[in-house]
Amino acid sequence: MWANELSSPARRPSPTPWGRLGGGDSNRLHQVVSFPTNKRQAGITLVELILFIVIVSIGLAGILSVMNLTTQHSADPLVRKQALAAAESLLEEISLKDFADPDGSEAGETRPTYDDVDDYDGYASTGIRDINDTPIGALADYTVSVKVDAAASLGALGGGKVKKISVTVSGPGNEPITLDGYRTDYAP
Ligand SMILES: [Ca+2]
Ligand SMILES: [Ca+2]
């Protein structure tokens with residue numbers, strides 16, 4: 001009685017897809033649910049590995065060359081800014097001098113005793129020096145030169161009333177920086 005109830009079709013669990021397939025054909029069921037195990041498990045070949053290494057090496061070489069260039073030139077803005085500061089300083093020093101020599105004598109004048117703009121024409125120095133002609137040790141690798149054009153003109157102003165001051169400073173391994181300024185004869 002119990003055996004009949006358990007084995008009766010009405011009490012069986014709902015058939016699975018596998019059950020529908022075979023109806024007892026275990027061989028066919030095995031073919032459906034099993035994963036293919038006989039497929040060849042291929043990794044990467046030696047040629048693929050070598051190609052990968054070559055491509056990655058080329059990419060790395062490019063990145064490293066850019067980094068190298070960036071590192072080499074990372075100090076350039078500092079040198080350029082320093083050269084610009086030195087040029088501005090000297091240009092200001094010259095511009096504040098008299099337009100013409102106040103005492104009329106140019107004899108024996110050195111930079112600490114320069115008293116007019118023209119005195120700086122042709123001034124040149126290897127290593128930046130301060131207003132008292134004392135070398136500034138940290139700027140020993142900079143060079144400076146000055147040109148004063150006494151016959152310059154500025155707009156309608158000319159005729160010896162304008163002097164053009166050109167200060168050129170170059171730092172180590174850098175392009176020179178030239179600053180131009182004008183000094184007019186505004187004194188009566
Ligand atoms: Ca003088
Ligand atoms: Ca002078």
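This structure is a prediction, so every number in the text was calculated from the model and none was measured.

Conventions we followed
Residues numbered from 1 in each chain as written. Chains lettered and ligands numbered in written order. Predicted model: local features only at pLDDT ≥ 70, side-chain atom pairs only at ≥ 80, totals over all residues. Helix = DSSP H or I, 4+ residues; strand = E, 2+ residues; numbered from the N terminus. Buried ≥ 20, exposed ≤ 12 C-beta atoms within 10 Å, placed from the backbone. Pairing = 2+ DSSP bridges. Axes fitted to C-alpha atoms, helices over the stretch in contact; angles between N-to-C directions.

**Thoughts on the overall build of the protein**
Part 1: Scanning the protein for helices and strands turns up five helices and four strands.
Part 2: Each helix and strand of the protein, placed in order from N terminus to C terminus, yields the pattern α-α-α-α-α-β-β-β-β.
Part 3: Expressed as a percentage of the 188 residues in the protein, the buried residues total 13%.

**Comments concerning the sheet that holds strand 4 (residues 177–184)**
Part 1: A sheet is described by the order of its strands in space; here four strands give the open sequence 1-2-3-4, paired in antiparallel fashion. The open sheet terminates on both sides in strands that have one partner only, identified here as strand 1 (124–126) and strand 4. Each strand axis lies, on average, 15 degrees off the axis of its neighbour in the sheet, ignoring direction.
Part 2: Strand direction decides the pairing type here: strand 3 (residues 162–170) and strand 4, joined by eight bridges, are antiparallel. In the sheet register, Val167 faces strand 4, and the bridge partner there is Leu179.

**Some remarks on unusual backbone geometry**
Trans peptide bonds make up the majority, and among non-glycine residues the majority have a negative phi.
Part 1: Positive phi, close to 65 degrees, is recorded for Asp133, a residue that is not glycine.
Part 2: Take Asp133: it is sitting in the loop between strand 1 and strand 2 (143–149).

So far we have only geometry, and geometry alone does not tell us how the molecule works.
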